[in-house]
Amino acid sequence: MLNYSELLSKQRNYFQTGATKNLAFRIKALQKLNQVIREGEKRLIQSLKEDLNKSEFDAYSTEIGIVLEEIRYTLKNIRSWAKPKKVKTPLTHIGAKSYIYPEPYGVAFIIAPWNYPFQLAVAPLIGAIAAGNCAVIKPSELTPRTSLVLAELINSHFPEEYIAVVEGGKETSEALLKENFDYIFFTGSVQVGKIIMESAAQHLTPVTLELGGKSPCIVHVDANLKLAAKRIAWGKFMNAGQTCIAPDYVYVDKKVKDEFLAHLKRAVNELYGQEPLENLHYTKIVSEQHFNRLRSFLAEGEIFYGGKSSEEKLMIAPTVLTDITWDYSVMEDEIFGPILPVLEYRQLSEAVEEIRSRPKPLAFYLFTESSDVQNRLLEQVSFGGGCINDTVYHIANPYLPFGGVGNSGIGAYHGKGSFNTFSHDKSILKQTTLFDIPLRYPNFKNGLKYI
Ligand code: NAD
């Protein structure tokens with residue numbers, strides 16, 4: 001086993017040389033990362049197929065492509081992000097100039113989950129490199145083939161004193177967390193997020209926590225129901241519902257519930273066919289434990305659509321549940337699987353109150369044509385981020401920082417957000433020596449009069 005203290009001191013010493021802060025070095029590292037990913041593309045697609053039965057289309061569009069796009073965008077902007085920024089200086093400081101110098105924290109620790117095992121390990125790494133840090137990455141043990149390919153690609157192309165992938169499970173994370181990192185970037189469950197924050201507190205290490213939760217989706221009476229159904233089915237059932245920002249449940253106005261459900265049925269059918277379990281491109285559930293947890297939900301309420309599962313393939317067909325109330329266990333925690341409960345409301349305010357009485361979600365989706373309803377709900381409901389008349393798509397806009405609030409997380413990343421996350425803003429006042437205004441000194445003649 002690798003000696004983690006040794007790895008950490010190697011990275012710390014390397015960071016202290018200043019090599020990783022050099023802008024040309026960072027640009028070269030990002031270009032290299034881009035090249036390494038392109039060279040490893042086939043192996044990554046294969047490993048994602050083996051771990052999760054992800055189709056080539058999904059592997060490219062939701063894992064590899066999104067990361068390559070993030071590198072491209074970062075390379076385009078890194079020069080301007082890395083420059084010290086001149087800011088205003090008040091008249092009281094006459095003669096001085098003020099600047100913000102973004103500086104890397106040092107050695108970052110990135111802990112990734114299994115649901116997008118490549119993307120969620122590498123997207124934060126792009127921010128860490130761009131900001132000039134060294135990094136240790138701990139991918140998920142539940143997707144061992146993708147973690148292995150990631151480790152081989154990174155560890156054979158980057159020196160370990162700069163970037164190192166350490167494979168392993170909970171114990172590996174725990175052992176690494178004993179070390180004194182300068183930044184911890186964690187993506188995973190709320191429960192483990194709390195453990196991470198506790199460990200980080202021992203060294204006062206700043207953290208980003210990208211967590212989960214139950215992300216609601218409201219379909220208002222005036223929504224374009226056909227389009228809403230299609231976009232909800234897409235966002236919910238991609239990756240078999242194992243997406244942190246998948247709509248967890250739908251709240252629909254009672255008056256349009258039946259019509260919406262009919263559209264939803266057609267949409268799921270169009271996307272996955274009559275027999276999704278036979279669909280070669282349908283993602284499987286990551287583990288037997290998760291499969292059993294999810295399958296137990298199928299006994300709750302009424303199965304409106306779907307409901308089939310295969311223990312052998314670890315697959316659950318896209319399923320829509322109706323007659324569900326908040327007392328069912330499917331409504332307790334994040335579902336994180338291809339099961340969509342549809343609840344109804346009579347008054348929009350009822351739905352809003354229910355949502356507001358629960359932990360702040362990572363995402364929120366609202367389908368309505370009314371800008372009045374849009375504005376009202378955006379003001380009333382607190383959540384990480386989301387879409388009006390769409391689902392999930394906000395994650396792919398690099399101009400929108402991505403992260404949670406309250407129970408769904410701390411901090412945000414993507415685009416400039418990633419650069420900011422891995423940088424400390426060092427504030428500097430550059431004072432003139434050409435003159436010295438005496439007002440601030442206590443021995444200034446009659447000084448107190450001016451206070
Ligand atoms: P998890 O919390 O079980 O594991 C995440 C990582 O933490 C893994 O690498 C795991 O090895 C490690 N880990 C587990 N127990 C640990 C411990 N006690 N101490 C230290 N490290 C430990 O999460 P998961 O099951 O891999 O992922 C699913 C969760 O992640 C869902 O809740 C989902 O919503 C969330 N998620 C959030 C985002 C986001 O961007 N906000 C993205 C994807 C997933």
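Predicted model only: the values in this text are computed from it and were never measured.

About the thresholds
Sequence positions are assigned chain by chain, starting from 1 and proceeding in written order. The model is predicted, so local features are restricted to residues of pLDDT at least 70 and side-chain atom pairs to those at 80 or more, both for listing and for counting; the totals for chains, interfaces and linings are taken over all residues. A residue counts as near a molecule or strand when its C-beta atom, positioned from the backbone, falls within 6 Å of it. Runs of E in the DSSP output that reach at least two residues are strands. Runs of H or I that reach at least four are helices, and both are numbered from the N terminus. Under this grouping Gly is polar, as are all residues other than the nonpolar Ala, Val, Leu, Ile, Met, Phe, Trp, Tyr, Cys and Pro and the charged Asp, Glu, Lys and Arg. Note on method: axes are straight lines fitted to C-alpha atoms, helices fitted across the in-contact stretch only, with angles between N-to-C directions ranging 0 to 180 degrees. Convention used here: angles under 35 degrees read as roughly parallel, angles over 145 as roughly antiparallel, angles from 65 to 115 as roughly perpendicular, and any remaining angle as oblique. Throughout, a pair of residues is in contact if the C-beta atoms placed from their backbones lie within 7 Å. A pair of strands is treated as paired once DSSP finds two or more bridges between them. pLDDT measures how confident the predictor is about each residue, on a scale from 0 to 100. To assign burial, the other C-beta atoms lying within 10 Å of each residue's own C-beta are counted, with C-beta atoms placed from the backbone; 20 or more indicates buried, 12 or fewer indicates exposed, and intermediate counts indicate partly exposed. Think of it like this: strands point away, you trace from the first strand over the helix to the second, and a clockwise trace means the crossover is right-handed.

**Here we look at the site of the ligand**
- In the vicinity of the ligand lie 27 residues, with Pro-113, Ser-173, Gly-188, Gly-212 and Cys-244 positioned nearest.
- Counting only elements with at least two residues in the shell around the ligand, the list comes to α6 (170-177) and α7 (190-203).
- Among the elements that make up the shell around the ligand, the one with the highest residue count is α6 (three residues).
- Among the residues making up the shell around the ligand, the classes are represented as 11 nonpolar, 10 polar and six charged.

**Some remarks on the packing of helix α2 (residues 23-52) against helix α3 (residues 56-82)**
- As a packed pair, α2 and α3 sit with axes 10 Å apart at the nearest point and diverge in direction by 175°. By the criterion of interaxial angle, the relationship of α2 to α3 is roughly antiparallel. Here α2 contributes Leu-23, Arg-26, Ile-27, Leu-30, Leu-33, Asn-34, Ile-37, Glu-41, Leu-44, Ile-45 and Leu-48 to the contact with α3, which in turn contributes Glu-56, Ala-59, Glu-63, Ile-64, Val-67, Leu-68, Ile-71, Thr-74, Leu-75, Ile-78, Arg-79 and Ala-82.
- Its residues assigned to classes, the contact of α2 with α3 comprises 16 nonpolar, two polar and five charged.

**Looking at the sheet that holds strand β18 (residues 423-430)**
- Judged by pairing direction, the sheet is antiparallel, and its three strands sit side by side in the order β1-β2-β18 without closing on themselves. Looking at which strands have only one partner, the edges of the open sheet turn out to be β1 (85-87) and β18. Sheet twist, expressed as the mean angle between neighbouring strand axes with direction ignored, is 30°.
- Inspection of the sheet shows strand β2 (residues 97-104) paired to β18 by eight bridges, in the antiparallel sense. Counted as the bridge partner of Pro-102 is Asp-425 from β18.

**Looking at the sheet that holds strand β7 (residues 207-210)**
- On the basis of which strands lie adjacent, the open sheet formed by six strands has the order β5-β4-β3-β6-β7-β17 and mixed pairing. The open sheet has two edge strands with one neighbour each: β5 (163-165) and β17 (409-410).
- As paired elements, strand β4 (residues 134-138) and β5 share three bridges and run parallel to each other. Following the sheet pairing, Ile-137 is matched in β5 by Val-165.
- Running at roughly 150° to β4, helix α1 (residues 4-16) makes contact with β3 (107-111), β4 and β5 of the sheet.
- Relative to β3, helix α4 (residues 119-131) is tilted by about 160°, and along the sheet it contacts β3, β4 and β6 (183-187).

**Observations regarding the confidence of the model for the chain**
- Residues at a pLDDT of 70 or more form 98% of the chain, whose mean pLDDT is 96.
- Among the scores for the predicted complex, ipTM is 0.97 and pTM is 0.96.

**Details of the pairing of β3**
- Summarising burial for β3: five of the five residues are buried, a large majority.
- By the alternation rule, side chains of β3 split into Val-107, Phe-109 and Ile-111 and Ala-108 and Ile-110, which are all buried.
- In this sheet, β4 lies alongside β3 in parallel orientation, the contact comprising five bridges. Bridged to Ala-108 within β4 is Ala-135.
- Of the crossover connections in this fold, the one passing from β3 over α4 to the parallel β4 is right-handed.
- With four bridges joining them, β3 and β6 adopt parallel strand pairing. Of the residues in β6, the one forming a bridge with Ile-110 is Phe-185.

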